[in-house]
Amino acid sequence: MRIIDARSRPPVPAFLADRTYVNLDRTLRNVRARGWQPTASMREPSLMGYLAECADAGIVRAGLPARVPNRWWGGQGNEPVFDACAQHPDFFFPYAAVDPFAVGAAEEIARLRERGARAVVLEPGIADEPAYVDDPAIRPVYEACQAIGLPVLLMGGGETGPDLTFSDPARFERVAIDFPDLPLVNVHGGWPLTQAALGVAFRRPNVWMLPDVYFPGLPGEPDYVLAMRTFLADRFLFATGYPFCPVDATVRRYLSFDLPGDVLANVLYGNAARLFGLDPR
């Protein structure tokens, strides 16, 4: 079994200075609150330990999401992510982050794809001045990504912004409507507004779901599973959100849902391979 972890933050320099690892005790409390037991590589961050756990679980590729520096979560920008992927090119692949409010942000999109970015990360709700995903100022970046067919990983759930309004699926849907040819990946899956976020994905075929750290094991789990079985079989992405979820345990939970073989193959590997242009085997 071959698996692509579509969103992971392993202990590499790109992430070690962010809140996730700097406040490791807090992160591990969140891990336990989600019903998981932290593994050795999570308790004492170890890249070699993480890679070994991935190998044991069948994970053969992992996407690394860059983050624009911000006062909420930290963020080291794109270069450390590109560096990590260059050091492990057969395993890691990069998503480049863009500050959509920066001068020249839209013009940067094509250059990032040329450097190997498989998608663009947008997190407007945790910008220094938080904004909603449908803020008109972001439109040029969406347009640039749509023009070259580069997917957008758009934070749409979890700690998306200062309050729950930043996870409003209606705002996510407005972006999907305005840019129908742009693949929009709902990072964190709209949680906790799970049913509404899935409703948007039902209506908008350019919306993909990546609930990572909020699935499985939290309220909304049956809804995500039903969506995988039905209309989202071709647009649901397996992701651990490591280090918030342990690799092997997350894989085993997916296997426990007794999904049809073709659906499981798509969710664990085929969907990500197709969306991000990876090895389809």
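The structure we're discussing is the one just above.
Residues numbered from 1 in each chain as written. Predicted model: local features only at pLDDT ≥ 70, side-chain atom pairs only at ≥ 80, totals over all residues. Heavy atoms only, no water.

What to know about unusual backbone geometry
Backbone phi values are negative for most residues with the exception of glycine, while trans is the configuration of most peptide bonds. With omega at 10°, the peptide bond leading from Trp 191 into Pro 192 counts as cis. Mapped onto the fold, Pro 192 is located in the loop between strand 6 (184-187) and helix 10 (194-203). Here the residue pair Phe 215 and Pro 216 is connected by a cis peptide bond, since its omega of 0° sits within 30 degrees of zero. By the element assignment, Pro 216 lies in the loop between strand 7 (207-210) and helix 11 (221-229). (Helix = DSSP H or I, 4+ residues; strand = E, 2+ residues; numbered from the N terminus.)

As for the pairing of strand 2 (residues 59-65)
For strand 2, a buried count of six out of seven residues is recorded, marking the element as mostly surrounded by other parts of the structure. Here three bridges tie strand 1 (residues 3-5) to strand 2, and the two strands are oriented parallel to one another. Paired with Asp 5 across the two strands is Ala 62, which belongs to strand 2. Here four bridges tie strand 2 to strand 3 (residues 92-97), and the two strands are oriented parallel to one another. Of the residues in strand 3, the one forming a bridge with Pro 65 is Tyr 95. (Buried < 20%, exposed > 50% of the residue type's maximum accessible area, 1.4 Å probe, protein only. Pairing = 2+ DSSP bridges.)

A closer look at the sheet that holds strand 5 (residues 152-155)
With parallel pairing, seven strands are arranged side by side in an open sheet as 1-2-3-4-5-6-7. Strands at the two margins of the open sheet, each flanked by one partner only, are strand 1 and strand 7. Along the sheet, successive strands turn relative to each other by an average axial angle of 25°, direction set aside. In the packing of helix 9 (residues 169-178) onto the sheet, the strands contacted are strand 5, strand 6 and strand 7, and the crossing angle to strand 6 comes to about 165°. (Axes fitted to C-alpha atoms, helices over the stretch in contact; angles between N-to-C directions. Contact = heavy atoms within 4.5 Å.)

Some details on helix 13 (residues 261-276)
Here helix 13 spans 22 Å end to end across 16 residues, near enough to the 22 Å set by a 1.5 Å rise per residue. At Val 267, helix 13 shows its largest kink, close to 55°. Among the residues making up helix 13, those that are buried are Val 263, Leu 264, Val 267, Leu 268, Tyr 269, Asn 271, Ala 272, Ala 273, Leu 275 and Phe 276. At the C-terminal side of helix 13, Gly 277 shows a positive phi close to 65°. (Expected span 1.5 Å × (residues − 1). Bend = angle between axes of the 7 residues up to and from the residue.)

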